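The chain contents come next:
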Amino acid sequence: MDLSINLGGNLTSHSSTKFSTVKEPSGSYEDEEDDDIIEFNPAFTYQIFGENEQIFGYKDLVVNLEFASGSLASCFSMGYQDKKPMADKIYPVMKDFLPPAIEQTQKQSLNGNSLAPDIIDNPDVFSQIVERDNTEFKPMGTKIGEYRLDSGSSEDSVFEYYQAKFDTPRFLEYHKRLQCFAIFFIDGASVIEDTDEKWEIRLVFEKVNNGGQAVYHFVGYCNMYPYFFYPDQIRMRISQFLILPPYQQQGHGGRLYQSLYSDFGSRPEIREMTVEDPNEEFSDMRDKNDMKHLTNAGVFKDVQAPIKAETIAKVAKEYKLTKRQVARCFELALLKNLDKKSRPQYKAFRLQVKQRLYRHNAEALSTLDRPERIEKLHETFQSVEEDYHRLLAMIH
């Protein structure tokens, strides 16, 4: 919705809220680079502004949330051309979803210095913190790997993974800051319980060589929780997985997901990797990477239907994936290698998919009459096949 609307109209909270990550303090250079401040809008605001995601009573409202790109210290400001007396209150509504203010005695050290207050309303103070980040901020946790991108980033940049838990020095308060992004960018996200020591968090930072000085920028994170897997192992479930919008569509999500393969594969106590309520974008990324991983491992060599349940179970156990995910990958491989002129091959593929769909939806299908059940199952199969073609077009 256009922000330039009549006073008293409803503004969409998406368009009127501006996020930005700030890499350099304002006015640091006479010729400031365009990418020193990167702006983007939130994806979701309904938890804050209600189901309609609207703000009432302002003309040309802009709500600014600036974050220092390393420490994630935030600066809140807002502006508007005019306002009704009964206009929605902005900050009182948003503050519970933003990093909480921290008393001086509770602040953790940052290389001997205190973390700044989380919510800042003074641009000069915020600019000082951004400047300090460039020399003092360092990631917390244990570095477990790094990578470079083939394109899209400076040759002076390297991306690093760090592993942390809530008892990791400096991480607890940092997590309070980054959780703000989950509310605005992950559908249905909630703030996780940071007193539970079982949580594991993986962070991604961009490290830039700035005249011999290493400067770090936050890229994204995922958090994982271990559940008991009978009799003596654990199921590691990915709960939240986020790459900030300025770094999306560059391969960072895939790299982060692949790093989990490497880690979980080396940990004998982990039996299975699962995902909690994945959205479509994450599911696509997961499917592409699982297909690539299993293909490179030779799992799909000479694959043909029917594929036995025992084979799916064996692959799932070896690669620590769920049986359903492995079955979907086998189906994708079958379709990819399908001879479109061979009716027997297509029939075998169709039966393979329908058998899985029937097992997965047996309870709901059992309430239908046989003709209705057959029709519904076929409609579901057609939808799955169409989606598989879409996925295969994305997989190189």
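Thresholds applied
Residues numbered from 1 in each chain as written. Predicted model: local features only at pLDDT ≥ 70, side-chain atom pairs only at ≥ 80, totals over all residues. Heavy atoms only, no water. Helix = DSSP H or I, 4+ residues; strand = E, 2+ residues; numbered from the N terminus. Expected span 1.5 Å × (residues − 1). Buried < 20%, exposed > 50% of the residue type's maximum accessible area, 1.4 Å probe, protein only. Contact = heavy atoms within 4.5 Å. Axes fitted to C-alpha atoms, helices over the stretch in contact; angles between N-to-C directions. Left-handed = near helix turned anticlockwise from the far one by under 90°. Nonpolar A, V, L, I, M, F, W, Y, C, P; charged D, E, K, R; others polar. Phe/Tyr/Trp six-rings, centres within 6.5 Å; stacked < 30°, edge-to-face > 60°. Lys NZ or Arg CZ within 6 Å of the ring centre and 35° of its normal. Pairing = 2+ DSSP bridges. Bend = angle between axes of the 7 residues up to and from the residue. Salt bridge = Lys/Arg side-chain N within 4 Å of Asp/Glu carboxyl O. Parallel < 35°, antiparallel > 145°, perpendicular 65-115°, else oblique. UniProt positions renumbered as here; feature names shortened; annotations may be inferred. Patch = residues over 30% accessible without salt bridge, like charges linked within 9 Å, V, L, I, M, F, W, Y side chains within 5 Å. Areas by Shrake-Rupley, 256 points an atom, 1.4 Å probe, with all protein chains shown as cover. Lys, Arg positive; Asp, Glu negative; His and termini not counted. Charge placed at Lys NZ, Arg CZ, Asp CG, Glu CD.

Moving on, we get to helix α9 (residues 323-336). The terminal C-alpha atoms of α9 lie 20 Å apart, and with 14 residues this matches the ideal 20 Å at 1.5 Å per residue to within 8%. Of all 14 residues that make up α9, 11 are buried, and the element is covered over most of its length. Residues of α9 that are buried: Q325, V326, A327, R328, C329, F330, E331, L332, A333, L334 and L335. At its buried positions, α9 is contacted by α7 (280-296), α8 (309-319), α10 (343-360) and α12 (370-394).

On to the packing of α7 against α12. To describe two helices that pack against each other, one gives the angle between their axes and the distance between the axes. Close contact between α7 and α12 brings their axes to 10 Å; oriented N to C, the two are set at 65 degrees. Crossing geometry of α7 relative to α12 is assigned as right-handed. On the side of α7, the interface is formed by E280, D284, D287 and K288, while α12 contributes R390, L391 and M394. Classifying every residue of the contact of α7 with α12 gives two nonpolar, no polar and five charged.

Let's shift gears to the packing of aromatic side chains. Here a ring pair, both rings aromatic, is described through the centre-centre distance and the interplanar angle of the planes. The tally for this structure, following the rule as stated, stands at 31 aromatic pairs. Taken together, a centroid distance of 5.8 Å and an interplanar angle of 50 degrees make the contact between F40 and F185 tilted. Of this pair, F40 sits in strand β3 (residues 37-40) while F185 sits in helix α5 (residues 171-185), and the two are 145 residues apart along the sequence. Pair check on accessibility: F40 and F185 agree, each one buried. Linked through ring pairs, F19, F40, F67, F137, Y162, Y174, F181, F184, F185, F205 and F218 together constitute an aromatic cluster. For R237, the ring lying beneath its charged end belongs to Y227, and the centroid distance is 4.7 Å.

Taken together, the six strands give an open sheet; going across it, the order is β12-β13-β14-β15-β16-β17, and neighbouring strands pair in mixed fashion. Two strands close off the open sheet at either side, each with one partner strand: β12 (142-147) and β17 (270-275). Pairs of neighbouring strands in the sheet enclose a mean axial angle of 30 degrees, with direction left out of account. On the sheet, helix α6 (residues 252-265) packs against β12, β13 (157-164), β14 (200-210), β15 (213-229), β16 (233-243) and β17 and is oriented at approximately 165 degrees with respect to β16.

Let us look at α5. An ideal rise of 1.5 Å per residue puts 21 Å on 15 residues; α5 measures up with 21 Å between its terminal C-alpha atoms. Along α5, the helix axis deviates most sharply at R177, where the bend reaches about 25 degrees. The buried fraction of α5 is high, at 13 of 15 residues.

Here we take up the pattern of salt bridges. In this structure the tally under the stated criterion is 16 salt bridges. Between E206 and K23 there is a salt bridge, and its shortest N-O distance comes to 3.8 Å. Note that E206 is positioned in strand β14 and K23 in the loop between β2 (17-22) and β3, a separation of 183 residues in sequence. On the basis of relative accessibility, which here comes to 15%, the residue K23 falls in the buried class. Here R202 and D263 are joined by a salt bridge, their closest N and O atoms 2.6 Å apart. Of the two residues, R202 sits in strand β14 while D263 sits in helix α6, which places them 61 residues apart along the sequence.

With that settled, the discussion passes to the packing of α9 against α12. At a closest axis distance of 10 Å, the pairing of α9 and α12 adopts a crossing angle of 75 degrees. Viewed along their axes, α9 and α12 adopt a mutual orientation that is roughly perpendicular. Along the contact surface, α9 presents R328, E331, L332, L335 and K336, while α12 presents E385, Y388, H389, L391 and L392.

Glancing now at the UniProt feature "active site" (unreviewed entry) in the protein. UniProt records the feature "active site" (unreviewed entry) for E276 in the present numbering. Relative to the helices and strands, E276 resides in the loop between β17 and α7. The contacts of E276, once residues within four sequence positions are left out, are R237, I238 and S239.

On to the environment of F44, then. On the secondary structure map, F44 appears in the loop between β3 and α2 (46-49). Overall, F44 belongs to the partly exposed group, its relative accessible area being 24%. Linking F44 and F184, residues 140 residues apart in sequence, is a C-alpha distance of 4.9 Å. Beyond its immediate chain neighbours, meaning those up to four positions away, F44 contacts H14, E53, I183, F184, F185, I186 and D187.

This part takes up a negative patch on the surface. A surface patch of negative charge is lined by D369, E372, E375 and E379. The class of E375 is partly exposed, set by a relative accessible area of 49%.

Glancing now at the pairing of β2. Among the six residues in β2, five count as buried, and that is most of the element. The pairing of β2 with β3 spans four bridges and is antiparallel. In the sheet register, V22 faces β3, and the bridge partner there is I37.

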